Amino acid sequence: MEAARPAGTFVVVGGGIAGVTCAEQLAVSFPEEDILLVTASPVIKAVTNFRQVSKVLEEFDVEEQPGTMLESRFPNIKVIESGVKQLKSEDHCIFTEDGREFVYKKVCLCAGAKPKLIYEGNPRVLGIRDTDSAQEFQKELAKARRIMIVGNGGIALELAYEIEGCEVVWAIKDKAIGNTFFDAGAAEFLTSKLMSEKSEAKIAHKRTIYTVEEAKKETRTKSKADYVGSALGPDWHGGLALKGTEEFSHSIHIETRCEVKKIYLEEEFKIMKKKSLAFPKDHHKSVTADKEMWPVYVELTNGKIYGCDFLVSATGVTPNVHPFLHRNNFALGEDGGLRVDDQMRTSLPDIYAAGDICTACWQPSPVWQQMRLWTQARQMGCYAAKCMAAASMGHPIDMDFSFELFAHVTKFFNYKVVLLGKYNAQGLGADHELMLRCTRGQEYVKVVMQNGRMVGAVLIGETDLEETFENLILNQMDLSSYGEELLDPNIDIEDYFD
Ligand SMILES: Cc1cc2nc3c(=O)[nH]c(=O)nc-3n(C[C@H](O)[C@H](O)[C@H](O)COP(=O)(O)OP(=O)(O)OC[C@H]3O[C@@H](n4cnc5c(N)ncnc54)[C@H](O)[C@@H]3O)c2cc1C
Ligand SMILES: NC(=O)c1ccc[n+]([C@@H]2O[C@H](COP(=O)([O-])OP(=O)(O)OC[C@H]3O[C@@H](n4cnc5c(N)ncnc54)[C@H](O)[C@@H]3O)[C@@H](O)[C@H]2O)c1
């Protein structure tokens, strides 16, 4: 006898970009059905002003909104504001913090990720993930004279450029800045901008819009404070004054090829009688001992010790799988995310996952890789909903086109940055060539070539090359005969390949 089809609704867990996009798409696919969006955060993230810049590049704004706004846009979505504390996969149900139980026929887990902090729990170590943690950081920065940033990815890059009025010691494991996005050449291009005084007319670029009044946030209960809110995204710092106590605009010192060896709070440090270093204002002068006392001291693996007001750990994220693991034997990826296949299914029946929580385990296109980014959260959320709908109707669907080519557009140091395909020659071994074009202070163009074909590119500045390069990577045209002309600024490459 055929097993009875489980009753229940479509449920989505998480009110970040992945969850909201998934719920919206389900609401469109099943206008007659109720879609439940269960989220621990008091606000949801909505994608607005979506622009398809080219075939795969997309840009959009993000608004933090109360759940009721989503409900009014999609009358068949119901937002439940409570964290999921348990998932019973065998019974097809979830239990929320406020004591409710919801039975699902299919559920998509979109609970995001948490910052992977070094020295988690130390009161002088901060991480940045959601609006609350960003505001906490801003509050501490407003009292600070010197901070240390540890990590070399997106958050560290943004902070290093944005912070004013505070000395910043930036400690990185690598030899150049921004290792998750750039090679040493691009890093050098950006470092020169970082080290020169920031332009006075700093262009305002605030894209994240916060529409929820402070009052609403203050009504959060203590138990909810244990949950992380949705991750911040493009221009998260646009509305925050990232300023320390001092009057200078920018003061940064980079310590390369080192990690944090140990952290000492002030009292501990005094007893040890070790020496800390003064902030190296002039790189040509020899380093001197610091005469000031600081709330925390950071000893680096290169032997140097710096005192500071606090340390920001911008050291990546871990998928937020913990609330769902109890008695559920999920297959996990190497990075700890829920493994999903090409239909966004986890290893357990009727459970899908999308966004930062999941690890893409399908055979990817040769020029796509997963990165925990805003754009991928939206694409995965949307595609997961389509897969859930297709499975309900009994047929799988083809992989969405957005997974054909990795494409990310962002802004670092006020430059537009476009990353395409294997932009850092990821996984290509020695079997590739790089071509470069660089005009200091203006643009940096790097293409990654393999067997005469373009497989990746980094475009910094207003290069206008993204669409053409995207096409060249997608159509894998043999470009061997063009040689270096490919990057010749005197040739209009768009006309060339028309
Ligand atoms: C400071 C910062 C800057 C960034 N900048 C960029 C950028 O410029 N460009 C870019 O592409 N990406 C950026 N990112 C990354 C991007 O924000 C994330 O990849 C993306 O938002 C992930 O979306 P998500 O929906 O998967 O997860 P999240 O946004 O983390 O949402 C998870 C949701 O699940 C909820 N939740 C958690 N646990 C539970 C539970 N047990 N029960 C119910 N609900 C739960 C949370 O409250 C939240 O609503 C940035 C990230 C940070 C932290
Ligand atoms: N503009 C953007 O696209 C943008 C901006 C900010 C954040 N983000 C995203 O938000 C998420 C969080 O950002 P993030 O900067 O924390 O993560 P990230 O993954 O971008 O970078 C983490 C960095 O920390 C370093 N690191 C890891 N462990 C370390 C340790 N123990 N000691 C020293 N360094 C260590 C890594 O080498 C890496 O440089 C990421 O998914 C990131 O892609 C994107």
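Criteria and thresholds
- Residues numbered from 1 in each chain as written.
- Chains lettered and ligands numbered in written order.
- Predicted model: local features only at pLDDT ≥ 70, side-chain atom pairs only at ≥ 80, totals over all residues.
- Heavy atoms only, no water.
- Pairing = 2+ DSSP bridges.
- Helix = DSSP H or I, 4+ residues; strand = E, 2+ residues; numbered from the N terminus.
- Contact = heavy atoms within 4.5 Å.
- Axes fitted to C-alpha atoms, helices over the stretch in contact; angles between N-to-C directions.
- Phe/Tyr/Trp six-rings, centres within 6.5 Å; stacked < 30°, edge-to-face > 60°.
- Buried < 20%, exposed > 50% of the residue type's maximum accessible area, 1.4 Å probe, protein only.
- Lys NZ or Arg CZ within 6 Å of the ring centre and 35° of its normal.
- Salt bridge = Lys/Arg side-chain N within 4 Å of Asp/Glu carboxyl O.
- Near = heavy atom within 4 Å.
- Polar contact = N/O pair within 3.5 Å; in protein donor to acceptor, adjacent residues only side chain to side chain.
- Areas by Shrake-Rupley, 256 points an atom, 1.4 Å probe, with all protein chains shown as cover.
- Nonpolar A, V, L, I, M, F, W, Y, C, P; charged D, E, K, R; others polar.
- pLDDT = per-residue confidence, 0-100.
- Patch = residues over 30% accessible without salt bridge, like charges linked within 9 Å, V, L, I, M, F, W, Y side chains within 5 Å.
- Lys, Arg positive; Asp, Glu negative; His and termini not counted.
- Charge placed at Lys NZ, Arg CZ, Asp CG, Glu CD.
- Domains from an automatic or database assignment.
- Buried area = accessible area lost by both parts, 1.4 Å probe.

An unreviewed UniProt entry lists the protein chain under the name Pyridine nucleotide-disulfide oxidoreductase domain-containing protein 1, with Mus caroli given as the organism.

Colleague: In this structure, what is going on with the sheet that holds strand β14 (residues 251-255)? I would like to understand it.
Modeller: Pairing is parallel in the open sheet, where 5 strands are placed in the order β10-β18-β11-β12-β14. A single partner strand is all that each edge strand has here, and the edge strands are β10 (125-126) and β14. Relative to strand β18 (residues 310-313), strand β11 (residues 146-150) runs parallel, the two sharing 4 bridges. Across the sheet, the residue bridging to I147 is F310, located in β18. Against the sheet, helix α3 (residues 131-141) touches β10, β11 and β18, its axis set at about 150° to β18.

Colleague: Can you walk me through the packing of aromatic side chains in this structure?
Modeller: For any pair of aromatic rings, geometry is given as the distance between the ring centres together with the angle between the planes. Overall, the coordinates contain 17 aromatic pairs when judged by the stated rule. Here F50 and F60 contribute two aromatic rings whose centre-to-centre distance is 6.2 Å and whose plane-to-plane angle is 20°, an arrangement assigned as stacked. Linking F50 in strand β3 (residues 43-52) with F60 in strand β4 (residues 58-66), this pair joins segments that are 10 residues apart in sequence. Assessed through its relative accessible area of 36%, F50 is described here as partly exposed. F60 sits in the buried class, given a relative accessible area of 3%. These aromatic residues form a ring-pair network of at least three members: W362, W368, Y383 and F403. R145 extends its terminal NZ or CZ atom over the ring of W294, reaching a point 4.2 Å from the ring centre.

Colleague: Got a minute to help me understand the pattern of salt bridges in this structure?
Modeller: Where charged atoms from two side chains of opposite charge approach closely, those side chains can pair. With the rule as written, the count across this model stands at 25 salt bridges. R73 is the salt-bridge partner of E24, the closest N and O atoms lying 3.1 Å from each other. Residue E24 is found in helix α1 (residues 17-29), and its partner R73 is found in helix α2 (residues 67-73); the two are separated by 49 residues along the sequence. Across the pair R51 and D61 runs a salt bridge whose closest N-O atoms are separated by 3.9 Å. Placement of R51 in strand β3 and of D61 in strand β4 is noted, with a sequence separation of 10 residues between them. Note on R51: relative accessible area 34%, which makes it partly exposed.

Colleague: Explain the environment of K304 to me, please; I cannot follow it from the model alone.
Modeller: One can find K304 in the loop between β16 (296-300) and β17 (305-308). Looking at K304, the relative accessible area reads 29%, which means it is partly exposed. When the C-alpha atoms of K304 and E255 are compared, they prove to be 9.2 Å apart, with 49 residues separating the residues in sequence. Beyond its immediate stretch of four places on either side in the chain, K304 contacts E255, L277, V298 and E299.

Colleague: Looking at this structure, how should I read the environment of L487?
Modeller: Looking at the secondary structure, you find L487 in the loop between α10 (466-475) and α11 (493-496). In the structure, L487 is positioned 40 residues away from V447 in sequence and 8.7 Å away in space, judged by C-alpha atoms. In this view, L487 contacts M435, L436, R437, V445, V447 and F469; residues no more than four positions away in its chain are not counted.

Colleague: Can you help me understand the site of ligand 1 in this one?
Modeller: Neighbouring ligand 1 are 39 residues, the closest being V84, R129, A231, L232 and W374. With respect to ligand 1, the backbone of G15 contributes an N or O atom lying 3.1 Å from an oxygen atom. Burial of ligand 1 by the protein amounts to 96% of the accessible area it has alone, namely 1000 Å². When contributions to the shell around ligand 1 are tallied by element, the ones reaching two or more residues are α1, β2 (35-39), α9 (374-392) and β23 (407-412). Considering every element that reaches the shell around ligand 1, the biggest residue donor is α9, with 3 residues. Of the residues in the shell around ligand 1, the class split is 21 nonpolar, 15 polar and 3 charged.

Colleague: I would appreciate a short explanation of the site of ligand 2 in the present structure.
Modeller: Residues in contact with ligand 2 amount to 21 residues; listed here are only the nearest, N179, G316, R372, H408 and T410. In the model, an oxygen atom of ligand 2 is placed 3.1 Å from a nitrogen or oxygen of the G154 main chain.

Colleague: Help me out: how do you make sense of the confidence of the model for the protein chain in this one?
Modeller: The predicted coordinates of low-pLDDT regions are not to be read in fine detail. Residues of the protein chain with pLDDT of at least 70 account for 90%, and the chain-wide mean is 88. This stretch, residues 1-6, has a pLDDT under 50; its non-local contacts, to residues over four places away or in other chains, come to 5 contacts. Note that residues 197-225 has pLDDT below 50 and, in this model, 57 contacts with residues that lie over four places away or in other chains. Across the interface, the model reports ipTM at 0.98; the global pTM reads 0.91.

Colleague: Any chance you could explain a negative patch on the surface here in plain terms?
Modeller: Together, E462, D464, E467, D492, E494 and D495 line one region of the surface with negative charge. Of note, E462 is situated in the loop between β27 (453-460) and α10. Residue E462 is classed as exposed on the basis of its relative accessible area of 65%.

Colleague: Teacher, can you tell me more about the sheet that holds β23 here?
Modeller: Sheet strands pair by backbone hydrogen bonding; their relative direction is either parallel or antiparallel. On the basis of which strands lie adjacent, the open sheet formed by 5 strands has the order β23-β24-β27-β26-β25 and antiparallel pairing. Here the strands that pair on one side only, and so sit at the sheet edges, are β23 and β25 (433-439). For this sheet, the mean inter-axis angle between neighbouring strands, taken without regard to orientation, is 15°. α10 contacts β24 (415-421), β26 (443-450) and β27 of the sheet and is inclined by roughly 160° relative to β27.

Colleague: In this structure, what is going on with the domain arrangement of the protein chain? I would like to understand it.
Modeller: Where interface size is quoted, it is often the accessible area lost as the parts come together. Partitioning the protein chain into domains gives domain 1 (9-114 + 318-403), domain 2 (117-214 + 235-313) and domain 3 (414-496). At the interface, 15 residues of domain 2 touch 16 residues of domain 3. Sorting the residues of domain 2 by area buried against domain 3 places F181, D183 and F189 first, and these three jointly supply 43% of that buried surface. Scanning the region where domain 2 abuts domain 3 turns up 2 salt bridges. Linking D183 and K446 is a salt bridge whose minimum nitrogen-to-oxygen distance equals 2.9 Å. Between domain 2 and domain 3 we count 5 residue pairs in polar contact (both at pLDDT 80 or more) in total. Looking at which element gives the most residues to the side of domain 2 that touches domain 3, the answer is helix α5 (residues 184-195), with 7 residues. Its residues placed into classes, the side of domain 2 that touches domain 3 shows 7 nonpolar, 5 polar and 3 charged.

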